[in-house]
Amino acid sequence: DGGITQSPKYLFRKEGQNVTLSCEQNLNHDAMYWYRQDPGQGLRLIYYSQIVNDFQKGDIAEGYSVSREKKESFPLTVTSAQKNPTAFYLCASSADRGLTDTQYFGPGTRLTVL
Amino acid sequence: DAKTTQPTSMDCAEGRAANLPCNHSTISGNEYVYWYRQIHSQGPQYIIHGLKNNETNEMASLIITEDRKSSTLILPHATLRDTAVYYCIVRVGGYGQNFVFGPGTRLSVLP
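**Q** How do you make sense of the interface of chain A and chain B when you look at a structure like this?
**A** The accessible area lost on association of the parts is a frequent measure of interface size. Across the boundary between the two partners, chain A contributes 29 residues, which contact 21 residues of chain B. When chain A packs against chain B, close to 1,900 Å² is buried across both sides, 48% of that on carbon and sulfur atoms. Taken together, the connections running from chain A to chain B amount to zero salt bridges. For the pair chain A and chain B, the interface holds four residue pairs in polar contact (both at pLDDT 80 or more). Taken together, the elements giving at least two residues each to the side of chain A that touches chain B come down to β4 (31-37), β5 (43-51), β9 (87-94) and β10 (104-105) of chain A. Tallied by class, the residues present in the side of chain A that touches chain B amount to 13 nonpolar, 10 polar and six charged.

In structure tokens, the structure reads:
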């Protein structure tokens, strides 16, 4: 955690609704990431952003959208086009350290589609 | 990024050292070894990383073999709070690179 906040912790949504997950960091990191985790599995990258007003698709971007209007904030919208949105969503950030960087994760948001 | 292989689960007695192995036989020269852990329903926590030298910090030690094809994470005095899933990740160094988390090793520290 340490400087990365995600809200809400639990989120319930009806099928067909869009929902936005919040991620804020006060670490002054340039890069931010969104991952998805399904039960018993590792993390999969959805989107990432290395700088304000720029972001790139990860491995599973379909059905998701992001924005990066401020350095501190990287909200993720789960759209109705995402076929199986129930999962644990994790936000992370990192700073440029030259040859290597370390990603720091938030506490996560557990999304359940009813 | 190179693939890693870890045991599915391990047990360790409280107060003893926990040694978690990781195989990464196809690692490239510019790929770092990272370790994270995840306690149930929380975000992953960074532990340590290294390139080819052994590393130590306040949480753990990382031992990388000379040929870099495997590594071991050592928690010197495991406590019940160290019970978690531990992920070994190899990835190219550099800013903004993706972390690929596999299933990891579930470590249970037993009283």
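**Q** Whenever I open this one, unusual backbone geometry confuses me. Can you help?
**A** Glycine aside, negative phi is the norm for most residues, and most peptide bonds take the trans geometry. In this chain, S7 of chain A is followed by P8 of chain A through a cis amide linkage whose omega measures -10°. Topologically, P8 of chain A is positioned in the loop between β1 (4-7) and β2 (10-13). Backbone geometry places N28 of chain A, a non-glycine residue, at a positive phi of 65°. As for its position among the elements, N28 of chain A is in the loop between β3 (19-25) and β4. Note on N28 of chain A: relative accessible area 57%, which makes it exposed. The backbone of R68 of chain B shows a phi angle near 65°, a positive value even though the residue is not glycine. Among the secondary structure elements, R68 of chain B is positioned in the loop between β6 (61-64) and β7 (70-75). Take R68 of chain B: its relative accessible area is 10%, and that puts it in the buried class.

**Q** Would you mind showing me how to read the pattern of salt bridges here?
**A** Two side chains that carry opposite charge are able to pair once their charged atoms sit near each other. Going through the model one piece at a time under the given rule, you end up with four salt bridges over all chains. A salt bridge links K71 of chain A to D30 of chain A; the nearest nitrogen and oxygen atoms lie 3.4 Å apart. Of this pair, K71 of chain A sits in the loop between β7 (64-66) and β8 (76-78) while D30 of chain A sits in the loop between β3 and β4, and the two are 41 residues apart along the sequence. A salt bridge links R37 of chain B to D82 of chain B, with the shortest nitrogen-to-oxygen separation between them at 2.7 Å. Of this pair, R37 of chain B sits in strand β3 (residues 31-38) while D82 of chain B sits in the loop between β7 and β8 (84-92), placing them 45 residues apart in sequence. You'll find R37 of chain B and D82 of chain B in the same group, each marked buried.

**Q** Which parts of the structure should I look at to understand the nonpolar core?
**A** Where a protein is soluble and globular, its nonpolar side chains tend to be buried together. Counting 21 residues, the largest nonpolar core has W35, L73, Y86 and L107 of chain B as the members making the most contacts within it. Among the elements of the structure, β2 (18-23), β3, β4 (45-50), β6, β7, β8 and β9 (105-110) of chain B are those that each provide at least two residues to this core. If sequence neighbours within four positions are ignored, Y86 of chain B has contacts with Q6, L20, W35, Y36, R37, I47, L73, L75, G104, T105 and L107 of chain B. By size, the runner-up hydrophobic cluster in this structure holds 20 residues, among which are W34, Y89, C91 and L111 of chain A.

**Q** What exactly am I supposed to notice about the sheet that holds β9 of chain B here?
**A** The strands that make up a sheet are held in pairs by hydrogen bonds between backbone atoms, and each pair lies either parallel or antiparallel. All names here are of chain B. The mixed open sheet is built from five strands, whose spatial order is β1-β9-β8-β3-β4. Edge positions in the sheet fall to β1 (9-13) and β4, since each of these pairs with one other strand and no more. Between one strand axis and the next, the sheet turns by 25° as a mean value, whatever way the strands run. Relative to β8, β3 runs antiparallel, the two being bridged by eight bridges. From the neighbouring strand, E31 faces β8, where its bridge partner is V92.

**Q** Any chance you could explain the sheet that holds β6 of chain B here in plain terms?
**A** Residue and element names in this part refer to chain B. Spatial ordering of the open sheet is given by β2-β7-β6-β5, a layout of four strands whose pairing is antiparallel. The sheet is open, and its two edges are formed by β2 and β5 (55-56), each paired on a single side. Strand direction decides the pairing type here: β2 and β7, joined by six bridges, are antiparallel. Within β7, the position partnered with A18 by the bridge is L75.

**Q** Any chance you could explain the state of the cysteines here in plain terms?
**A** Note: disulfide means a covalent bond formed between the sulfur atoms of two cysteine side chains. This structure, assessed with the given rule, holds two disulfides over all chains. Here C23 of chain A pairs with C91 of chain A through a disulfide, and the sulfurs are 1.8 Å apart. On the S-S bond that ties C23 of chain A to C91 of chain A, the torsion sits near -75°, and the link is left-handed. Linking C23 of chain A in strand β3 with C91 of chain A in strand β9, this pair joins segments that are 68 residues apart in sequence. You'll find C23 of chain A and C91 of chain A in the same group, each marked buried. Note that C22 of chain B is cross-linked by a disulfide to C88 of chain B, the S-S spacing being 2.1 Å. On the S-S bond that ties C22 of chain B to C88 of chain B, the torsion sits near -80°, and the link is left-handed. In this pair, C22 of chain B sits in strand β2 while C88 of chain B sits in strand β8, placing the two residues 66 residues apart along the sequence.

What counts and how
Residues numbered from 1 in each chain as written. Chains lettered and ligands numbered in written order. Predicted model: local features only at pLDDT ≥ 70, side-chain atom pairs only at ≥ 80, totals over all residues. Heavy atoms only, no water. Contact = heavy atoms within 4.5 Å. Buried area = accessible area lost by both parts, 1.4 Å probe. Salt bridge = Lys/Arg side-chain N within 4 Å of Asp/Glu carboxyl O. Polar contact = N/O pair within 3.5 Å; in protein donor to acceptor, adjacent residues only side chain to side chain. Helix = DSSP H or I, 4+ residues; strand = E, 2+ residues; numbered from the N terminus. Nonpolar A, V, L, I, M, F, W, Y, C, P; charged D, E, K, R; others polar. Buried < 20%, exposed > 50% of the residue type's maximum accessible area, 1.4 Å probe, protein only. Core = buried A, V, L, I, M, F, W, Y, C linked by side-chain atoms within 4.5 Å. Pairing = 2+ DSSP bridges. Axes fitted to C-alpha atoms, helices over the stretch in contact; angles between N-to-C directions. Disulfide = S-S within 2.5 Å.

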